[in-house]
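Structural overview
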Amino acid sequence: MTGRQQRADAQRNYERILEVARTVVEEQGTQASLRDIARRAEVGMGTLYRHFPTREALLEALLRQRFDNLAARAEELEGAGDSHEALRQWLREFLRGASAYRGLTASMMTTISDEDSPLHASCSAMREAAGRLVKRAQDDGHIRPDADGMDVFALISAVGWIAEQGPVVAERRDHLFSVVLDGLAAGAVSGRGRRAAD
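Residues numbered from 1 in each chain as written. Predicted model: local features only at pLDDT ≥ 70, side-chain atom pairs only at ≥ 80, totals over all residues. Heavy atoms only, no water.

Here's the deal with helix H8 (residues 149–163)
As a reminder, the rule being used: Numbering of helices and strands runs from the N terminus; a helix is a DSSP stretch of H or I covering at least four residues, while a strand is a stretch of E covering at least two. To estimate the expected span of a helix, subtract one from its residue number and multiply by 1.5 Å. The rule is simple: take the accessible area with a 1.4 Å probe, protein chains only, and divide by the maximum for that residue type; under 20% is buried, over 50% is exposed, in between is partly exposed. The directions considered for the arc run from the helix axis to the C-beta atoms. As used in this structure description, the phrase polar contact means that two N or O atoms lie within 3.5 Å; if the pair is within protein, one of them must be able to donate a hydrogen and the other to accept it, and residues adjacent in sequence are counted only when both atoms belong to side chains.
Between its first and last C-alpha atoms H8 spans 21 Å; for 15 residues at 1.5 Å apiece the expected length is 21 Å, and the two agree. Residues of H8 that are buried include every one of Val152, Phe153, Ile156, Ser157, Val159, Gly160 and Ala163, and no others. When H8 is viewed along its axis, its buried side chains cluster within an angular range of 150° and face the same direction. Sitting at the head of H8, Asp148 places a side-chain oxygen 3.1 Å from the backbone nitrogen of Met150.

In structure tokens:
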């Protein structure tokens, strides 16, 4: 086998392991069995460890891919006509991913504050792209002016974390998502003022 063939074969194995790992992590959470991932990907443990020496390395690759995709999606939605709907759509996609990857929310929140993390750059790029969606929705009068991108990110992450705690709460995920968005709406501020005046 030539060097080029070896590299192509290694790349296929890498992509296959990541693809299978994504499914297994969705099923089992971030503590998913590496042996199960290797078996389903039809590679040996040695091959898995050559690409991902530790569980953390595999999760980093999965999360980096997730963050990069969400950042690209936010940039794509920046050009949408309805800034409020663009933000809602992105947040829903973010929440769906956080719910699928059990344990992801805690990993993400840790990464945001850890500049030494290899995921910090990807996570920050995603958060900054989402922040621009928030700012645009604020400028159009849809989101309350006292909330920033970090507030929105933290609140939706909290919904994702809560949904991980059990099936009863998970069933309320969409409702909780709507409650948070209602609270972030620009009208929530003026409404609060009217109630105080009453």
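Quick notes on the side chain of Arg144
By the secondary structure assignment, Arg144 is in the loop between helix H7 (120–139) and H8. Using a relative accessible area of 14% as the deciding quantity, one classes Arg144 as buried. A polar atom in the side chain of Arg144 sits 2.9 Å from the backbone oxygen of Gly183.

A word on H7
The end-to-end C-alpha separation of H7 is 28 Å, in line with the 28 Å expected for 20 residues at 1.5 Å each. All buried positions along H7 are accounted for by His120, Ser122, Cys123, Ser124, Met126, Ala129, Ala130, Leu133, Val134, Ala137 and Gln138. Looking one or two places after H7, you find Gly141, whose phi comes out positive at around 85°.

Some words on the packing of aromatic side chains
Using the following cut-off: The aromatic pairing rule takes the rings of Phe, Tyr and Trp, using the six-membered ring of Trp, and pairs them if the centres are within 6.5 Å, calling planes under 30 degrees apart stacked, those over 60 edge-to-face and the rest tilted.
Enumeration over the complete set of coordinates arrives at 3 aromatic pairs. Taking the centre distance of 5.5 Å and the plane angle of 15° together, the rings of Trp90 and Phe94 count as stacked. Of this pair, Trp90 and Phe94 both sit in helix H5 (residues 83–100), 4 residues apart, which is roughly one turn of the helix. On the basis of relative accessibility, which here comes to 1%, the residue Trp90 falls in the buried class. Classification of Phe94 as buried rests on a relative accessible area of 1%. Seen from their ring centres, Phe94 and Phe153 are 5.1 Å apart, and the 45° between their planes marks the pair as tilted.

These results come straight from atomic positions and should not be treated as a statement about function.
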